[in-house]
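Summary of structural features
These are the residues of each chain, in order.
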Amino acid sequence: MQRGVEWVVDPTLDRIHVLMDLLGQPQRAYPVVHITGTNGKSSTARMIDTLLRERNLRVGRFTSPHLTSMRERIALDGQPLSEDKFVEIYEDVRPYLELVDERQGTLSFFETLTAMAYAAFADAPVDVAVIEVGMGGTWDATNVAEGAVAVVTPISLDHVNYLGPDIETIAREKSGIIKSGATAVLAQQPVEAAEVLMRRAAEAGATVAREGLEFGVTQREVAMGGQLLRLQGLKGVYEEVFLPLFGEYQAGNAACALAAVEALTGGDDPLDSEIVRRAFAQVSSPGRLEVIRRGPTVVVDAAHNPGAMESVVQAMEESFGFSRLVAVIAMMADKDVTSVLELLEPIVEEVVVTRNSSPRSMDPEELAALAEGIFGSERVHEAARIDDAIDIALGLAEETGEFAGAGVLITGSVVTVGDARTLLKASTDR
């Protein structure tokens, strides 16, 4: 049965509700930390996962999209499902998929993966499931779960064709994961998003924890390989927390992750500070300001909207300080490409535009025309394939002969980063 493509969405929970009933409601077999927002969801999910596992809990993690292997989306004990286990779970749920297909219409690609994740976590079984929405919140397939904790990372404009044309409308859609009696952990938000989220929390009778008020980052220093943080949690203060990720936004994600785990554990006692430090010190977030090569340094980041690119630019200036930076960029045609290029322009000497492996990728000629209007034609190079684009960028970065100060940033999409990591042989199973 063909499940269609992931980027075509039918906003209904009818099919997935029927499927969950047939499967015996596996999503109710464990407490759920549910995560939505525009940017930072996957990084926050990985941090929550690591914190919980460091407390000797068995954790299932569902995130999307993937970088190179679909198995990355469903992780147990911090590792993607094995090929055999992935096939086994699919075969277990397939008869029920076919029943729903006949009764309700064909289940989508994402609905199928969501069901597989919930079933795999019940089968394991896990102590906690950390679930990232695919898109939005209210009608996202993951929203058949009743999250004990709902985390909302920063909201900005993205997926406007599906979620709405403004921040307020998008926030309303995302607020749907805040359930009755839950704890809503809210990252710092635009005012119009914060008002919507607070209203939803009040209607649901949810407890609210807001970054910058009930919890947050109280001190941050750039450190070798990351940053050193002082975190104010909901139950205590955690000193000298090393986070091996770059950018102020990742510090905010860490604060949200900490608050989510504190909220989940209940009681009034703070978490063990040593456990918190150990957990954050081993966090990784592949494809998010990730260094995958040295000499010259190659950094990859999956930023695909203006909000994400703004954070990337800030982090690049703060943590890397390249004397010469060349960008490789491939983006989906339905994104706000012009705004992303405008944000990137001040920190980049030259840009190489290309396409990634998705059929949604913008044609390089069209992307080049947009880039030339922002960078000027002399700073824009075009390549039909991403491997050629990377070679060109490496050559441009090396022109000065000063490898220590030269860098290449590969960005524009999760697919772009996945392609680059495969070509440059970076590991994803970590």
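Now for a quick tour of the structure. Treat the numbers as computed from the prediction; the structure is a model and nothing was measured. (Residues numbered from 1 in each chain as written. Predicted model: local features only at pLDDT ≥ 70, side-chain atom pairs only at ≥ 80, totals over all residues. Heavy atoms only, no water.)

**What to know about the packing of aromatic side chains**
Enumeration according to the criterion identifies four aromatic pairs in this entry. Each ring, one from Y30 and one from F121, has its centre 6.3 Å from the other, and the planes form 70°; the classification is edge-to-face. Of this pair, Y30 sits in the loop between helix 1 (14–23) and strand 1 (32–36) while F121 sits in helix 4 (residues 109–123); the two residues are 91 residues apart in sequence, bridging distant segments of the chain. Comparing Y30 with F121, the two get one shared label, buried. Aromatic pair F62 and F110: ring centres 5.8 Å apart, planes at 35°, arrangement tilted. Highlighted residues: F62 in strand 2 (residues 59–62) and F110 in helix 4, separated in sequence by 48 residues. With a relative accessible area of 10%, F110 lands in the buried category. Ring pairing ties together the aromatic residues F246, F320 and F322, which thus form one cluster. (Phe/Tyr/Trp six-rings, centres within 6.5 Å; stacked < 30°, edge-to-face > 60°. Helix = DSSP H or I, 4+ residues; strand = E, 2+ residues; numbered from the N terminus. Buried < 20%, exposed > 50% of the residue type's maximum accessible area, 1.4 Å probe, protein only.)

**Describing the side chain of T36**
If you trace the backbone, T36 turns up in strand 1. Among all residues touching T36, those that are not within four sequence positions of it are K41, V133, G136, V151, V152, T153, K174 and I177. (Contact = heavy atoms within 4.5 Å.)

**Quick notes on the environment of V261**
Of note, V261 is situated in helix 8 (residues 248–265). Residues V261 and A383, 122 residues apart in the sequence, show an inter-C-alpha distance of 45 Å. The residues touching V261, leaving out its near neighbours within four places in the chain, are I48, L51, L52, R55 and L271.

**So, the sheet that holds strand 8 (residues 207–210)**
As summarised here, the arrangement of the eight strands in space is 4-3-2-5-1-6-7-8, forming an open sheet in which the pairing is mixed. If you trace the sheet from one side to the other, it starts and ends with strand 4 (79–80) and strand 8, each paired once. Sheet analysis places strand 7 (residues 183–186) next to strand 8, joined by four bridges and oriented parallel. Within the sheet, the bridge partner assigned to L186 lies in strand 8 and is R210. (Pairing = 2+ DSSP bridges.)

**Overview of unusual backbone geometry**
Geometrically, the link from S64 to P65 is a cis peptide bond, its omega value of -10° lying close to zero. A cis geometry characterises the amide bond from A124 onward to P125, with omega recorded as -15°. By secondary structure assignment, the location of P125 is in the loop between helix 4 and strand 5 (128–132). For Q25, which is not a glycine, the phi torsion comes out positive at approximately 55°. Its identity is not glycine, yet N56 carries a phi of approximately 65°, on the positive side. Residue position: N56 is located in the loop between helix 2 (41–54) and strand 2. For N56, a relative accessible area of 71% gives the class exposed.

**Section: the pairing of strand 6 (residues 149–152)**
What you see with strand 6 is no split at all: V149 and V151 on one side and A150 and V152 on the other are buried throughout. Direction of pairing for strand 1 relative to strand 6: parallel, over a ladder of four bridges. From the neighbouring strand, V33 faces strand 6, where its bridge partner is V149. In terms of strand pairing, strand 6 meets strand 7 through four bridges, oriented parallel. Bridging from a neighbouring strand, V152 pairs with L186 of strand 7.

Scope: geometric values only; no functional claims are made or implied.
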